[in-house]
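# Overview (structure and organization)
Next come the chains, spelled out residue by residue.
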Amino acid sequence: MALEVQITIDCADPAELAAFWAEALGYRPQPPPVGFATWDDALEAMGVPPERRNDASALIDPEGNGPRLFFQRVPEPKRAKNRLHLDLRAAPGLQGDARMEALEATAAHLTTRGATRLTRHDPAPPLNAGHIVMADPEGNEFCLD
């Protein structure tokens, strides 16, 4: 039996972090339940008070191929390096200078959206494929690969 995969990300501001990842991945917010024009309408009908309406947010791949991303508010801040991270395939099929130029362009774009550049790893044997380590607006590490 095949199971669907959802990636859950703990965070302080689900709406803000979901907006960053929607931009980074080309995802879109999950639509509200059938019968509701907006999530505010749905949450109002469910009795969720306004101060709790940013407790969670979800994104979906518009093509239906990638996993759902679920952002949930947690009270504690991020404390250490991620044990699991996302790799954004920003230069598939490219090598050498062309690969690193594509990664640099993506890094520059994402920094304008709130990401932080952490380190660049130039191509080196045996894999000869460089990458750039970034952090999202809440400090979660990810790689441009």
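Below is a summary of the structure that appears in this document.

Moving on to the packing of aromatic side chains. Counted by the stated rule, this structure contains three aromatic pairs. Considering the side-chain rings of F20 and F142, the 6.2 Å spacing of their centres and the 55 degrees angle between planes classify their relative orientation as tilted. Here F142 lies in strand β8 (residues 141–144) and F20 lies in helix α1 (residues 14–25), a separation of 122 residues in the sequence. Residues W21 and F142 carry aromatic rings whose centres are separated by 4.9 Å and whose planes lie at 70 degrees to one another, so their mutual orientation is edge-to-face. Of this pair, W21 sits in helix α1 while F142 sits in strand β8; the two residues are 121 residues apart in sequence, bridging distant segments of the chain. Connected via pairs of aromatic rings, a cluster forms that spans F20, W21 and F142.

Next up on the list: the sheet that holds strand β4 (residues 68–73). Spatially, four strands are ordered β1-β4-β3-β2 in an open sheet, and the strand pairing comes out mixed. For this open sheet the edge positions go to β1 (6–11) and β2 (28–29), each flanked by a neighbour on one side alone. Both β2 and strand β3 (residues 56–60) contribute to a ladder of two bridges, which runs antiparallel. Bridging across to β3, P29 finds its partner in L59. Set on the sheet, α1 makes contact with β1, β3 and β4; between it and β4 the angle comes to about 155 degrees.

Rules of the game
Residues numbered from 1 in each chain as written. Predicted model: local features only at pLDDT ≥ 70, side-chain atom pairs only at ≥ 80, totals over all residues. Heavy atoms only, no water. Phe/Tyr/Trp six-rings, centres within 6.5 Å; stacked < 30°, edge-to-face > 60°. Helix = DSSP H or I, 4+ residues; strand = E, 2+ residues; numbered from the N terminus. Pairing = 2+ DSSP bridges. Contact = heavy atoms within 4.5 Å. Axes fitted to C-alpha atoms, helices over the stretch in contact; angles between N-to-C directions.

Keep in mind these numbers describe shape, not what the thing actually does.
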